[in-house]
Amino acid sequence: MYQKEIDIFLQSRYQEVLDNFLEDFLKTTDKFVNLRLHIIHTDLKFKESDRVISHNMPKGVHGYEVILPILNKRLAENLEIYGEINDDMWFVGGWLEDVIGALETYTVVSPGLCDTRDKEWFLKCVEETKDEMGFDDYLCFSAVFMN
């Protein structure tokens, strides 16, 4: 699982939102050795690495115009899982493992979500539902992953 080739695309506009996102995302995905987070942005600052890749988006260009050439190249190589996520999300440990597990059965998966701006409420919802398993027929496109 931790060796899978995973490319996740994120469009971001606001430095503070991206900074908060990266803190949780990087902590909860550090076991995945072939994960690449492609950040599509205009002049935001963050530490780049083999796992965090910057793609500056020129004015007047849409995100998909930046994403499609990268995605096509990765599909021609060895990409196993493609994901798109919003930058205003928080993550808890094990979320990506759960997504990958669900992708063994389903073609497209959205991780569980709690729609709130209050991180304490989010963590309470995670705690209260951590033992629940189940699937919904509806996708949330703020976080979507596919084989």
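Everything below is about the structure printed above this text.
This is a predicted model, so every value here is computed, not measured.

Undergrad: Now, about the side chain of Ser12: what can you tell me, with residues and values included?
TA: Mapped onto the secondary structure, Ser12 falls in the loop between β1 (6-11) and α1 (15-28). On the basis of relative accessibility, which here comes to 6%, the residue Ser12 falls in the buried class. Reaching out from Ser12, the side chain makes a polar contact with the side chain of Asp87 at a distance of 2.6 Å. With residues up to four places along the chain from it excluded, the contact list for Ser12 reads Leu18, Ile40, His41, Thr42, Leu44 and Asp87.

Undergrad: Residue-level account of the sheet that holds β1, with values.
TA: Note on sheets: strands pair through backbone hydrogen bonds, and any given pair is parallel or antiparallel. Read from one edge of the open sheet, 6 strands run β3-β2-β1-β4-β6-β5, paired in mixed fashion. The open sheet has two edge strands, β3 (52-56) and β5 (108-109), and neither has a second partner. Both β1 and strand β4 (residues 81-85) contribute to a ladder of 5 bridges, which runs parallel. Bridged to Ile6 within β4 is Ile81. Strands β1, β2 (35-41), β3 and β4 of the sheet are contacted by helix α2 (residues 63-76), whose axis makes an angle of about 175 degrees with β1.

Undergrad: I'd love a proper account of the packing of aromatic side chains, names of residues and values included.
TA: For any two aromatic rings, the description comes down to two numbers: the centre-to-centre distance and the angle of the planes. All told, the structure shown has 8 aromatic pairs when counted by the stated rule. Ring geometry for Phe25 against Phe91: centres 5.6 Å apart, planes inclined by 75 degrees, an arrangement best described as edge-to-face. One end of the pair, Phe25, is in helix α1; the other, Phe91, is in the loop between β4 and α3 (95-103), with 66 residues separating them in the sequence. Following the ring pairs from residue to residue traces out a cluster consisting of Phe21, Phe25, Phe91, Trp95 and Phe145.

Undergrad: So what about the pairing of β4? Which residues, and what values?
TA: Within β4, 4 of the 5 residues are buried, which leaves the element mostly enclosed by the surrounding structure. Bridging between β4 and strand β6 (residues 143-146) involves 4 bridges; their strand directions are antiparallel. Within β6, the position partnered with Ile85 by the bridge is Ala143.

Undergrad: Describe unusual backbone geometry, and please don't skip the residues or the numbers.
TA: Unlike most non-glycine residues, Asp43 shows phi in positive territory, near 60 degrees. For Asp43, a relative accessible area of 52% puts it in the exposed group.

Undergrad: Lay out the pattern of salt bridges in plain terms, naming residues and giving numbers.
TA: As enumerated under the stated definition, the model contains 8 salt bridges in all. With its nearest N and O atoms 2.7 Å apart, the salt bridge here joins Lys73 to Glu77. Note on Glu77: relative accessible area 42%, which makes it partly exposed. Bridged by salt links that share partners, the residues Glu5, Asp7, Arg36, Lys73, Arg74 and Glu77 form one connected network.

Cut-off values and rules
Residues numbered from 1 in each chain as written. Predicted model: local features only at pLDDT ≥ 70, side-chain atom pairs only at ≥ 80, totals over all residues. Heavy atoms only, no water. Helix = DSSP H or I, 4+ residues; strand = E, 2+ residues; numbered from the N terminus. Buried < 20%, exposed > 50% of the residue type's maximum accessible area, 1.4 Å probe, protein only. Polar contact = N/O pair within 3.5 Å; in protein donor to acceptor, adjacent residues only side chain to side chain. Contact = heavy atoms within 4.5 Å. Pairing = 2+ DSSP bridges. Axes fitted to C-alpha atoms, helices over the stretch in contact; angles between N-to-C directions. Phe/Tyr/Trp six-rings, centres within 6.5 Å; stacked < 30°, edge-to-face > 60°. Salt bridge = Lys/Arg side-chain N within 4 Å of Asp/Glu carboxyl O.

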